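Structure at a glance
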Amino acid sequence: MSAWWEIVRDTLKRSEVKLVTYVPDNVLNPLIAAIHADDYFNAFVCTREEEAVGIVAGAWMGGMRGVVMMQTSGFATLPNVLASLAVPYQIPVLMVVSERGTLGEFNIGQAMVARTMRPALDAMGIEHHTLTRLDEVEFIVERSIRQAVTTQAPVCLILSPMLTGGKAP
Amino acid sequence: MRNDAITRDQAKIMGRFDITKSLVAKLHKDEAVIGGIGHTNWDLWASGRRPQNFYMLGSMGLAVPIAMGVALAQPDRKIFALEGDGSVLMQLGALATVANQRVPNLCIIIMDNGIYQITGGQVTATGQGADIVAIARGAGIVQAEWAQDETHFAALMDQALATPGPMLVGVRTDGQKPFGQTERDPPQLRDRFMRGLGVKK
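This report concerns the structure included in the present document. (Residues numbered from 1 in each chain as written. Chains lettered and ligands numbered in written order. Predicted model: local features only at pLDDT ≥ 70, side-chain atom pairs only at ≥ 80, totals over all residues. Heavy atoms only, no water.)

Let us now look at the layout of surface pockets. Residue and element names in this part refer to chain B. Quantified by volume, the largest pocket comes out at close to 390 Å³. As for the largest pocket, its lining consists of 24 residues, and the residues nearest its centre are I37, G38, H39, S87 and I118. Of all the secondary structure elements, the ones that give two or more residues to the lining of the largest pocket are helix 2 (39–46), helix 4 (85–88) and strand 5 (115–116). Across the lining of the largest pocket, the residue classes break down as nine nonpolar, twelve polar and three charged. Of the voids in this model, the second largest pocket is the one considered here, and its volume is about 260 Å³. Lining the second largest pocket are K26, H28, K29, E31, P75, D76, R77, K78, P104, N105 and L161. Among the residues forming the lining of the second largest pocket, the class breakdown is three nonpolar, two polar and six charged. (1 Å grid on protein atoms, 1.4 Å probe; cavity = no way out; pocket = protein on both sides within 12 Å on 5 of 7 lines; lining within 4 Å. Points joined across faces, edges and corners; volume = space filled by probe spheres on them. Helix = DSSP H or I, 4+ residues; strand = E, 2+ residues; numbered from the N terminus. Nonpolar A, V, L, I, M, F, W, Y, C, P; charged D, E, K, R; others polar.)

Right, let's get into helix 8 (residues 137–151) of chain A. Residue and element names in this part refer to chain A. Compared with an ideal rise of 1.5 Å per residue, which puts 15 residues at 21 Å, helix 8 spans 21 Å between its outermost C-alpha atoms and is within 8% of the ideal. Looking at helix 8, one finds that the buried residues are V137, I140, V141, S144, I145, A148 and V149. What you see down the axis of helix 8 is that its buried residues fit within an arc of 145 degrees, all on one side. (Expected span 1.5 Å × (residues − 1). Buried < 20%, exposed > 50% of the residue type's maximum accessible area, 1.4 Å probe, protein only. Arc of directions from axis to C-beta.)

Further remarks concern the sheet that holds strand 8 (residues 167–172) of chain B. Residues and elements named next belong to chain B. Spatially, 2-1-3-4-8-7 is the arrangement adopted by the six strands of the open sheet, whose pairing is parallel. In this open sheet, the two edge strands, each paired with only one partner strand, are strand 2 (53–55) and strand 7 (143–146). Between one strand axis and the next, the sheet turns by 15 degrees as a mean value, whatever way the strands run. In terms of strand pairing, strand 1 (residues 32–35) meets strand 2 through three bridges, oriented parallel. The partner of I34 across the bridge, within strand 2, is F54. Seen against the sheet, helix 8 (residues 186–196) touches strand 1 and strand 2 and runs at an angle of roughly 160 degrees to strand 2. (Pairing = 2+ DSSP bridges. Axes fitted to C-alpha atoms, helices over the stretch in contact; angles between N-to-C directions. Contact = heavy atoms within 4.5 Å.)

Attention now moves to unusual backbone geometry. Residues apart from glycine generally show negative phi values, whereas peptide bonds are mostly found in trans. Note the cis peptide between G165(B) and P166(B), where omega equals 5 degrees. Residue position: P166(B) is located in the loop between helix 7 (150–162) and strand 8. You will see that E16(A), though not glycine, has its phi angle at about 60 degrees, which is positive. As for its position among the elements, E16(A) is in the loop between helix 1 (4–14) and strand 1 (17–22). The class of E16(A) is exposed, set by a relative accessible area of 51%. Backbone geometry at D30(B) places phi at a positive 55 degrees, although glycine is not the residue there. Of note, D30(B) is situated in the loop between helix 1 (16–24) and strand 1.

On to the environment of Q117(B). Residue and element names in this part refer to chain B. With respect to the helices, strands and loops of the structure, Q117 is situated in the loop between strand 5 and strand 6 (122–123). It is 7.7 Å that separates the C-alpha atoms of Q117 and H39, two residues lying 78 residues apart in sequence. Setting aside its immediate chain neighbours within four residues, Q117 contacts R16, H39, D174, G175, Q176 and K177. A polar contact of 3.1 Å, which involves the side chain of Q117, links it to the side chain of N113. (Polar contact = N/O pair within 3.5 Å; in protein donor to acceptor, adjacent residues only side chain to side chain.)

Turning our eyes to something else, we now look at the pattern of salt bridges. Under the defined criterion, the tally for this structure stands at 18 salt bridges over all chains. Between K12(B) and E150(B) there is a salt bridge, and its shortest N-O distance comes to 2.8 Å. Of the two residues, K12(B) is situated in the segment before helix 1 and E150(B) in helix 7; the sequence distance between them amounts to 138 residues. For E150(B), a relative accessible area of 34% puts it in the partly exposed group. Among the ionic contacts, a cluster of salt bridges with common partners joins R133(A), D135(A) and E136(A). (Salt bridge = Lys/Arg side-chain N within 4 Å of Asp/Glu carboxyl O.)

Dropping the structure here:
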């Protein structure tokens, strides 16, 4: 069976998600590397997660699908842009967040920030799924993109350490 | 860039509404304009509704990233980001991203009155000496310049329309009140914009 990052890359591609904006993360590294290695994608690093969301939102309005990749602490900087741009304007911003702060976290800062993520998503009414099993990755990613596009709503896919192995100290 | 490019202190203080109208008057190829929040956006609205204009209602500082996204999706269309000094100061890193990605069809216009006018006129960092054009050059946007006066602004816009960017133009503006106010109906603003860009039929 393919690795999680290969399945995510291939599913993004099949779903015509071409633009990838990200703020780097250790756990996401193999996925980011696989995307950079594939000419299908236009992928680049941003200086802040808000900026990455703005670019993907603009690209959607211009007719190009995109995804924003980040880690949990990066998501914590996003409620303002999600609540004032993606949600009210009905822009299907796709987010992939590698989950820090749980299941063996060694940094207390990460652990506390992580607890704000799901309540913030729920408060904004943003659909989110946590990916824990390799055999569910393709289904969840593909269906989530499809629903985001057809219902014009942002969606957040959380990559659990149970899927990725997480980050060791 | 001109060798005799001027600094912020040497740029003439102009009327934001007049400058916005002179930009809009030059758009004959359905160029897109992204208006950042605040009075910059309201004067864009007052300059005449165009389906190729996008009006933000929040997400302060994101006019440049949103414009960059549109520019990447539609490489054959010229995209303008209209942003205020207070807003761009929140997202200076975006200037480096624009420079690194060398987005050729993007022109950023910064309306710099040195104050947060909409919240009561508190002084911004540019009002205390920060120079957005110098910051943009430092971020790697080689074509970054202050508009010396109205005539020079018009010439810079002709240049932006005719040659590849990215480009950033700083405009010193006064504290004149805006001439209108945007509607606050986000799905409609977005839908109209997407139809204006030909993405929705």
